[in-house]
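Coordinate analysis (summary)
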Amino acid sequence: MWAAAAFLLAACMGADARRLAETYTIVMRDSHGDGWHGGTLNLTDVHSGNVVASFTGPQESCKYNPPLDTCESIETVSLDCGNFEAAQHGSTYHEECSWEIRDAAGLIMASASGTSAASFANNLCASCGLGHGSIYVSGPDCEVCPAGKYSDVDGAGSCKICEAGKYGSTPSAVACVACEAGKASSTAGASACTACSGELTSNDDRTLCGCGLGSGNSFPSGQLQDASSVRIRDTSNNSPTFDSEGVASGRIEVKPSGETAWGTIDGNSNWDSRDALVACREIGNELGYATVSGTPLGRDDTADGSGEIWWESVQCSGSEGTLESCSKWTTSSTSHHNDIGITCKYIQADECEACPAGKFSDTIDTSSCTNCEAGHYSSTRSATSADTCLTCEEGKAAIAGSSNCIASSDGGGGEEEEEGGEVDDGSFNEAEEIDRGGAYWKFINATNPVIIAAVSSTAGLVLALYVILIIVVAEGNLGFWTTLRCMKLSWVGGR
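The model shown is predicted, which means the values in this text are computed figures rather than measured ones.

1. A short note on helix H1 (residues 273-287)
With 15 residues, H1 ought to run about 21 Å at 1.5 Å a step, and its terminal C-alpha atoms sit 21 Å apart, in line with that. Within H1 the residues assigned to the buried category are Asp275, Ala276, Val278, Ala279, Cys280, Glu282, Ile283 and Gly284. Along its buried surface, H1 packs onto strand E20 (230-233), strand E21 (247-254), strand E23 (289-297), strand E24 (308-315) and strand E26 (341-348). Trailing H1 by a residue or two, Gly288 shows a phi angle of about 85°, which is positive.

Following this line, the structure appears as structure tokens:
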């Protein structure tokens, strides 16, 4: 049985623990005139949880104090500035109990009866001053703002944190300093900025290091090496080779802590993009790559492994630093039919290259150059704006990232220029071949006379027919066979 009231003594402390004590008068009453029957009023510092004062309230003897109709007990207490809670409890008849707290001028700051509550604010404390903020230990104190924080207001309740792109290297700072060019701080509260490594530079707001305008992070090349606990294997059971966009994929294999042998993961529907991203990031972090993406490969897209099968039902949140820290089960499975894999895309974390024709970069960040959209082209290298991507002329087309456009009838997709400025889009141009004096066999659709394929020698023709025969026999592809029957073959001799 108790009543509670919370009251606030707002703390605006001065430098080096300026606690200004104030004397308060506590008036406690019992409406029936026979005391609080064992009830007490406690004052508790809400920050420390310590009881700073306790009062027993009026006792039964107060009913012999005429001419009062009620019992009344008066006490005084000196309190440092801070936040306090007043709670009356323990009385058998709490509904008869009431109390009030008065300041030195007699103003009632808080009062309560029964189970009601009240609160008030009193600005009695001196301010901490510039470069300081308030804290609570055993009571309200001032703290010197540490490195990475500052206070630019006299009387600040707490120190402010330096925002990303700035730093505070000294205590008692009244402002933060912007990172110098070539340095950055990506998180708030930095005491120093980090110098950009390699070919990277800082962006305008100094929040990250990235490749400059007109350039992008280069892609890794060659084979993807093994990390200490995670690796990828291709269909030949070798380390996969990066493609031209920094992508490598294959079966994932792990070596758990305390084990010496590599093993696979038994996959199921739980294997998703969050798991793949953690695995790719673990490899990238160890090898010095920045991870762009991680994509899961199911059992149908993964070659079976051999040897140990270490885990199953791997479930990651996506924020883990290692695959081993994710939720998972050990498995007793011996079949590699459920082995799963990943596709990882990386960029070189601190290496940049000029954007080739057909691409641009208009920001300083950690990414590769952006392709011009399909139907557009750019012959400009190191382009810094999408405005360099021009629309193809009518009757011409281009795929994304093209350096020029080509006639739609020639295949509809532009490719990057070769050294001589010519475009090799992979299509066959009969007029150009004849002009060069070439000779070739050609397949022509009998119902719609366009060239389906062309080979430049009889040996090439024999090889093409052999490949077609294998496809038809192995796959039973009747649709392909029907299409082949609708073709006619002719030899075009050169000059």
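The discussion continues.
2. Examining the environment of Gly57
With respect to the helices, strands and loops of the structure, Gly57 is situated in the loop between strand E4 (51-55) and strand E5 (71-79). Given the relative accessible area of 4%, Gly57 is considered buried. Excluding anything up to four places from it in sequence, Gly57 contacts Met28, Trp36, Gly39 and Ser73.

3. Quick notes on the pattern of salt bridges
All chains considered together, the criterion is met by eleven salt bridges. Here Glu253 and Arg251 are joined by a salt bridge, their closest N and O atoms 3.0 Å apart. Residues Glu253 and Arg251 agree in their burial class; the two are buried. Put simply, Arg274 and Asp272 hold a salt bridge, and the shortest N to O gap is 2.8 Å. Via salt bridges that share partners, Asp226, Arg231, Arg233, Arg251 and Glu253 belong to a single interconnected network.

4. Concerning the packing of aromatic side chains
Applying the stated criterion across every chain, the model contains three aromatic pairs. Ring centres of Phe242 and Tyr346 lie 6.3 Å apart, and the angle between their planes is 85°; on these two criteria the pair is classed as edge-to-face. Within this pair, whereas Phe242 is found in the loop between E20 and E21, its partner Tyr346 is found in strand E26, the two being separated by 104 residues in sequence. Relative accessible area serves as the criterion here: at 7%, Phe242 is assigned to the buried category. Taking relative accessible area as the criterion, Tyr346 reaches 0% and is therefore assigned buried. Arranged with centres 5.4 Å apart and planes meeting at 40°, the rings of Tyr289 and Tyr346 form a pair that is tilted. Separated by 57 residues along the polypeptide, Tyr289 in strand E23 and Tyr346 in strand E26 bring together distant segments of the chain. The same class applies to Tyr289 as to Tyr346, namely buried. Here the aromatic cluster, defined as three or more aromatic residues joined through ring pairs, consists of Phe242, Tyr289 and Tyr346. Taking the ring centre of Trp311 as reference, the NZ or CZ of Lys328 above it sits at 5.1 Å.

Rules used throughout
- Residues numbered from 1 in each chain as written.
- Predicted model: local features only at pLDDT ≥ 70, side-chain atom pairs only at ≥ 80, totals over all residues.
- Heavy atoms only, no water.
- Helix = DSSP H or I, 4+ residues; strand = E, 2+ residues; numbered from the N terminus.
- Expected span 1.5 Å × (residues − 1).
- Buried < 20%, exposed > 50% of the residue type's maximum accessible area, 1.4 Å probe, protein only.
- Contact = heavy atoms within 4.5 Å.
- Salt bridge = Lys/Arg side-chain N within 4 Å of Asp/Glu carboxyl O.
- Phe/Tyr/Trp six-rings, centres within 6.5 Å; stacked < 30°, edge-to-face > 60°.
- Lys NZ or Arg CZ within 6 Å of the ring centre and 35° of its normal.

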